[in-house]
Amino acid sequence: MSIQHLDGKLFTEQEATLLQEIIFHRRDTRGNRFLGMPLEERHLEQLLSAALHAPSVGFSQPWEFVLIRDKNTRQQVETAAAGSAFTDDRQQEYARLKLEGILEAPLNIAVFYRPSDKPVLGQASMKETGLYSVVCAVQNMWLMARALNIGMGWVSILDPVKVSQILNAPPGHQLVAYLCLGYTDGFYTQPELELLQWEKRRQRSSTLIYDRYPDVYPLTSAQRYPDS
């Protein structure tokens, strides 16, 4: 079957520059920055529409979104925080960070991977591509949130099994992301953890490998990511 639909929109350099600005200024929003007012329905529709137009392996669209406004449910989710793997000084820094906004944000969204009950094109040898597709949906939502000046935080300190039980997720469904969304009092000029010097931004040269990995590959972070 021949498909002749090659008249899709072409974008200008100005539009590409705007997208680049949105990407560069996307920020994770933490609990102390949410204003508390509910999201307008039109904005929620734009966020979900962006997520639903993400690329997915085999056009499988393996995502489901649980919209959580109920305070009791959010309080239960907050108790599902996983323990920290950090020790010593880093544990103290971790404890001081306001890492989540489960109760402060007016809307929480739990994003699940819904496995297909039939073979998926392109997933035979790399089963994880279904999960990767869901991550693409989250990123689309994150970029649209930033374009709408809406704060969004990804809470990754939760026990996914406990959260799935609290939300009564069907067997086989896998929690990929737990998101907090709401209007914010502003955005930082740099990622907050970069400003707090929790981590340094990797230089482009430390992320590029040409053709194949070398026979001798440094294993420690200090060797891989030296200070520029």
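Every value quoted in this text rests on a predicted model; they were computed, and no experiment measured them.

**A look at helix 3 (residues 71–78)**
At step 1: By the burial criterion, the buried members of helix 3 are Thr73, Arg74 and Val77. Along the axis of helix 3, the buried positions cluster into a sector of 95°, meaning they face one direction only.
At step 2: Buried residues along helix 3 sit against strand 1 (63–68), strand 2 (107–113), helix 6 (160–166) and strand 4 (174–183).
At step 3: For helix 3, the capping residue at the N-terminal end is Asp70, with a side-chain oxygen 3.3 Å from the backbone nitrogen of Asn72.

**Considering the sheet that holds strand 1**
The strands making up a sheet are joined through hydrogen bonds of the backbone, oriented either antiparallel or parallel.
At step 1: Strand order in the open sheet formed by four strands is 1-2-4-3, and the pairing between neighbours is antiparallel. In this open sheet, the two strands that pair with only one neighbour each are strand 1 and strand 3 (150–154). The sheet shows a mean angle of 25° between the axes of neighbouring strands, direction not considered.
At step 2: In the sheet, strand 3 pairs with strand 4 via five bridges, with the strands oriented antiparallel. Each bridged residue has a counterpart across the sheet, and for Gly151 the counterpart in strand 4 is Gly182.
At step 3: Against the sheet, helix 2 (residues 41–52) touches strand 1, strand 2, strand 3 and strand 4, its axis set at about 160° to strand 1.

**Some remarks on the environment of Val155**
At step 1: Checked against the element boundaries, Val155 lands in the loop between strand 3 and helix 6.
At step 2: Every residue in contact with Val155, bar those within four places of it in the chain, is listed here: Glu100, Ile102, Tyr178 and Cys180.

**Here's the deal with a nonpolar patch on the surface**
At step 1: A contiguous nonpolar surface patch, about 300 Å² in accessible area, is contributed by Leu19, Ile23 and Phe24.
At step 2: Structurally, Ile23 is set in helix 1 (residues 13–24).

**A short note on the pattern of salt bridges**
Should their charged atoms come close, side chains of opposite charge can pair.
At step 1: The final tally for this structure, using the stated rule, is seven salt bridges.
At step 2: As a salt-bridge pair, Glu41 and Arg69 come within 3.4 Å of each other at their nearest N and O atoms. In this pair, Glu41 is assigned in helix 2 and Arg69 in the loop between strand 1 and helix 3, connecting sequence segments 28 residues apart.
At step 3: Residue Arg114 pairs with Glu64 through a salt bridge whose shortest N-O separation is 3.0 Å. Of this pair, Arg114 sits in the loop between strand 2 and helix 5 (129–147) while Glu64 sits in strand 1, and the two are 50 residues apart along the sequence.
At step 4: Here Arg114 falls in the partly exposed class, since its relative accessible area comes to 46%.

Criteria and cut-off values
- Residues numbered from 1 in each chain as written.
- Predicted model: local features only at pLDDT ≥ 70, side-chain atom pairs only at ≥ 80, totals over all residues.
- Heavy atoms only, no water.
- Buried < 20%, exposed > 50% of the residue type's maximum accessible area, 1.4 Å probe, protein only.
- Helix = DSSP H or I, 4+ residues; strand = E, 2+ residues; numbered from the N terminus.
- Arc of directions from axis to C-beta.
- Contact = heavy atoms within 4.5 Å.
- Polar contact = N/O pair within 3.5 Å; in protein donor to acceptor, adjacent residues only side chain to side chain.
- Pairing = 2+ DSSP bridges.
- Axes fitted to C-alpha atoms, helices over the stretch in contact; angles between N-to-C directions.
- Patch = residues over 30% accessible without salt bridge, like charges linked within 9 Å, V, L, I, M, F, W, Y side chains within 5 Å.
- Areas by Shrake-Rupley, 256 points an atom, 1.4 Å probe, with all protein chains shown as cover.
- Salt bridge = Lys/Arg side-chain N within 4 Å of Asp/Glu carboxyl O.

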